[in-house]
Amino acid sequence: MAESNYDVIVIGGGPGGYVCAIRCAQLGMKVACVEKRKTYGGTCLNVGCIPSKALLHASERFEEAGLHFKTLGIKCSAPELDLKAMMRHKDSVVADNVKGIDFLFKKNKIDAINGLGQIAASGEVVVGKHKYKAKHIVIATGSDVAGLPGLDIDEEWILSSEGALSLPKVPKSLVVIGAGVIGLELGSVWRRLGAEVTVVEYMDRILPGMDVELAREGKKLFERQGLKFKLSTKVTGAKTGKRSVTLTIEPAAGGGDAQNLEAERVLVCVGRRAFTKGLGLEHLDIALDQAGRIEVDDRFETGQKGIYAIGDVIKGPMLAHKAEEEGVVLAEILAGQSGHVDYNIIPSVVYTVPEIASVGQNEEQLKEAGIAYKVGKFPFMANGRARAMNAAEGFVKILAESKTDRVLGVHIIGPEAGTLIGEATMAMEFGASSEDIARTCHAHPTLEETIKEAALAVDGRALHS
């Protein structure tokens, strides 16, 4: 085997991996990044975050032209869907981002190694017939789609999120199993483009883990748009026919009769699981938890000295930006610097219409922890910019600690919630109180004024509601 020596070898070229590689290179280390795909960017860029947002944006504009332009005084004939062109737009967005990572690797003199990486021992990575040595090895192999017993994902009739991004035509009907972020986003895409969409969820609510009030409002708005929900329902089997799939469903709590639910296509969105297959961990002193995630210490180091793990393969929310933060902090630790990730201040966004975004703790978590808090809410219908945009649904909710007034959580459902949550995240990162936000001048007319008004409402003094 040919040998090459590096300071750091990163296995996995997704957001956590490639960002870690770039930061290590910036800090003067010799770096290689191993990726099994032909292109870098991982699930997020290739078959996840980026292509899904391209389709979300395009489908939103399609529906807007067909339903909402007339209310703005814009007359046009009914829009005609060109799904092939929409898919070309999605593919072009992905390709441009891939080229961007290639450029960054060349700029930072990072060696890109294509193939399956296996850890032979501390300091040794094998890819094909080549052996590479490194002082530090970083596992950033991400996650894979979680399946359901009795449902075989074939990407033709029963789809994963990846298959749902490349359908050749709009199905007449689509059942989405799972009312989490991915299920709601992709269900929204195909509903806008003409499919009849039913979402089946095991829990008694949508968006498990998010603020209950936020989820309740979201369900109401999504139903108004045409999504149908079957909550507290489990799928126990599936039978594929010549033109459709018939699911067997029954009450999640048991005690009810099984029923059939038929659809042209089925999309399975029941979560993701850490991907560690083929790494050779069974031969190393690296422990996995009950969920199959790699156990690490507060420096991201595994039980095997010199081997680290970040991103979806370790505990925490499976979010690209969480992985990126860990990648940067780990690189700086390896360079002898210090850093940390505040896992209480990682924003989460659902790119539906309206968008839903949260950061920090929700009311249920605060109640469970016995923390006394105050609530400030402000509706978008009272915001001039939201009304001008014809997007006045939803609200902003700020939770602040009763005695100190420190902001503990911010939850938004409304236009551009994913952008607005940035101000809240920044405020919380610096330990701001609701009074700090309320005393900060916000430009008018902007959607950001809703943040200020919600902060004022914590003290019962909102100006416009």
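Look up a bit, the structure's there.
So, a few notes on the structure that sits alongside this text.

1. Things to note about the overall build of the chain
Part 1: Broken down by element type, the chain carries 13 helices and 22 strands.
Part 2: For 465 residues, the compact-globule estimate of 2.2 N^0.38 gives 23 Å, and the C-alpha radius of gyration of the chain, at 24 Å, lies within 12% of that figure.
Part 3: Summarising its shape, the C-alpha atoms of the chain cover approximately 65 × 60 × 50 Å along the three principal directions.
Part 4: The buried share of the chain, taken over its 465 residues, is 50%.
Part 5: Only carbon and sulfur atoms are counted for the fraction: they give 50% of the accessible area of the chain, which is about 22100 Å².
Part 6: Positive and negative charge centroids in the chain, built from 55 and 60 side chains respectively, lie 4 Å apart.

2. Looking at helix α13 (residues 449–458)
Every α-helix carries 3.6 residues per turn, so stepping three or four residues along brings you back to the same face.
Part 1: Counting buried positions along α13 gives 9 out of 10 residues, so the element sits mostly inside the fold.
Part 2: Of the positions making up α13, those classed as buried are E449, T450, I451, E453, A454, A455, L456, A457 and V458.
Part 3: Where α13 is buried, its residues meet β20 (373–379), β21 (395–401), β22 (407–414), α11 (417–429) and α12 (434–438).
Part 4: Phi turns positive one or two residues past the end of α13, at G460, with a value near 70 degrees.

3. Focus: the environment of G370
Part 1: Residue placement: G370 occurs in the loop between α9 (363–369) and β20.
Part 2: The exposure class assigned to G370 is exposed, which follows from its relative accessible area of 64%.
Part 3: Between the C-alpha atom of G370 and that of M428, which follows or precedes it by 58 residues, the distance is 20 Å.

4. Quick word on the pattern of salt bridges
Part 1: One pass over the full model with this rule turns up 24 salt bridges.
Part 2: Between E124 and K131 there is a salt bridge, with the nearest N and O atoms lying 4.0 Å from each other.
Part 3: The buried category is assigned to E124, whose relative accessible area is 18%.
Part 4: Two residues, R224 and E393, come together in a salt bridge whose shortest N-O distance is 3.1 Å.

5. A short note on the sheet that holds strand β13 (residues 245–251)
Part 1: Taken together, the 3 strands give an open sheet; going across it, the order is β12-β13-β14, and neighbouring strands pair in antiparallel fashion. Either end of the sheet is taken by a strand with one partner, and the two such strands are β12 (233–240) and β14 (259–263). Put simply, the sheet's adjacent strands are angled 30 degrees from each other on average, direction ignored.
Part 2: For β13 and β14, the ladder comprises 5 bridges, and the chain directions are antiparallel. Residue T246 lies in a different strand from β14, and its bridge partner there is E262.

6. Considering the packing of aromatic side chains
Part 1: Using the criterion set out here, one finds 2 aromatic pairs in the structure.
Part 2: Consider the rings of Y6 and Y132, whose centres lie 6.4 Å apart with planes at 50 degrees: the pair is tilted. Here Y6 is found in strand β1 (residues 2–11), whereas its partner Y132 is found in strand β6 (residues 130–139), with 126 residues between them in sequence.
Part 3: According to the relative accessible area criterion, Y6 is buried, its value standing at 8%.
Part 4: A residue is classified by how much of its surface remains accessible, and Y132, at 11% relative accessible area, is buried.
Part 5: Taken together, a centroid distance of 5.0 Å and an interplanar angle of 65 degrees make the contact between Y40 and F105 edge-to-face. With Y40 in the loop between β2 (31–35) and α2 (42–47) and F105 in helix α4 (residues 83–107), this pair connects stretches of sequence that are 65 residues apart.
Part 6: A relative accessible area of 4% places F105 in the buried class.

7. As for the nonpolar core
Soluble globular proteins: nonpolar side chains tend toward being buried together.
Part 1: Residues I9 and I139 are the most contacted members of the largest nonpolar core, which totals 54 residues.
Part 2: Listed by contribution, the elements that provide at least two residues to this core are β1, α1 (15–26), β2, α4, β5 (124–127), β6, β17 (307–309) and α8 (320–334).
Part 3: For this core, the leading source of residues is α1, giving 7 residues.
Part 4: Those residues in contact with I139 that sit more than four places away from it in its chain are I11, I119, L279, L281, I286, I294, I307, Y308, A309, I310 and V313.

8. Some points on the environment of S338
Part 1: Here S338 shows up in the loop between α8 and β18 (348–350).
Part 2: The class for S338 is exposed, based on a relative accessible area of 65%.
Part 3: The spacing of S338 and V138 is 200 residues in sequence and 17 Å in space, taken between C-alpha atoms.

9. What to know about the sheet that holds strand β10 (residues 196–200)
Part 1: Pairing in this open sheet of 5 strands is parallel, and the strands run β8-β15-β9-β10-β11 from one edge to the other. Two strands lie at the open edges of the sheet, namely β8 (158–159) and β11 (228–230), each paired on one side alone.
Part 2: Pairing between β8 and strand β15 (residues 265–268): 2 bridges, direction parallel. Directly across from L159, in β15, lies its bridge partner L267.

10. Some points on a negative patch on the surface
Part 1: A surface patch of like charges, here negative, comprises D144, D152, D154, E155, E156 and E162.
Part 2: With respect to the helices, strands and loops of the structure, E162 is situated in helix α5 (residues 161–164).
Part 3: Exposure remark for E162: the relative accessible area of 40% places this residue in the partly exposed category.

11. Notes on a positive patch on the surface
Part 1: A cluster of basic side chains, namely K169, K172, K242 and R243, defines a positive patch on the protein surface.
Part 2: Structurally, R243 can be placed in the loop between β12 and β13.
Part 3: Accessibility expressed as a relative area gives 74% for R243, which makes it exposed.

Scoring rules and cut-offs
Residues numbered from 1 in each chain as written. Predicted model: local features only at pLDDT ≥ 70, side-chain atom pairs only at ≥ 80, totals over all residues. Heavy atoms only, no water. Helix = DSSP H or I, 4+ residues; strand = E, 2+ residues; numbered from the N terminus. Rg over C-alpha atoms; globule rule 2.2 N^0.38 Å. Buried < 20%, exposed > 50% of the residue type's maximum accessible area, 1.4 Å probe, protein only. Areas by Shrake-Rupley, 256 points an atom, 1.4 Å probe, with all protein chains shown as cover. Lys, Arg positive; Asp, Glu negative; His and termini not counted. Charge placed at Lys NZ, Arg CZ, Asp CG, Glu CD. Contact = heavy atoms within 4.5 Å. Salt bridge = Lys/Arg side-chain N within 4 Å of Asp/Glu carboxyl O. Pairing = 2+ DSSP bridges. Axes fitted to C-alpha atoms, helices over the stretch in contact; angles between N-to-C directions. Phe/Tyr/Trp six-rings, centres within 6.5 Å; stacked < 30°, edge-to-face > 60°. Core = buried A, V, L, I, M, F, W, Y, C linked by side-chain atoms within 4.5 Å. Patch = residues over 30% accessible without salt bridge, like charges linked within 9 Å, V, L, I, M, F, W, Y side chains within 5 Å.

The quantities given are spatial measurements derived from coordinates; they are silent on function.
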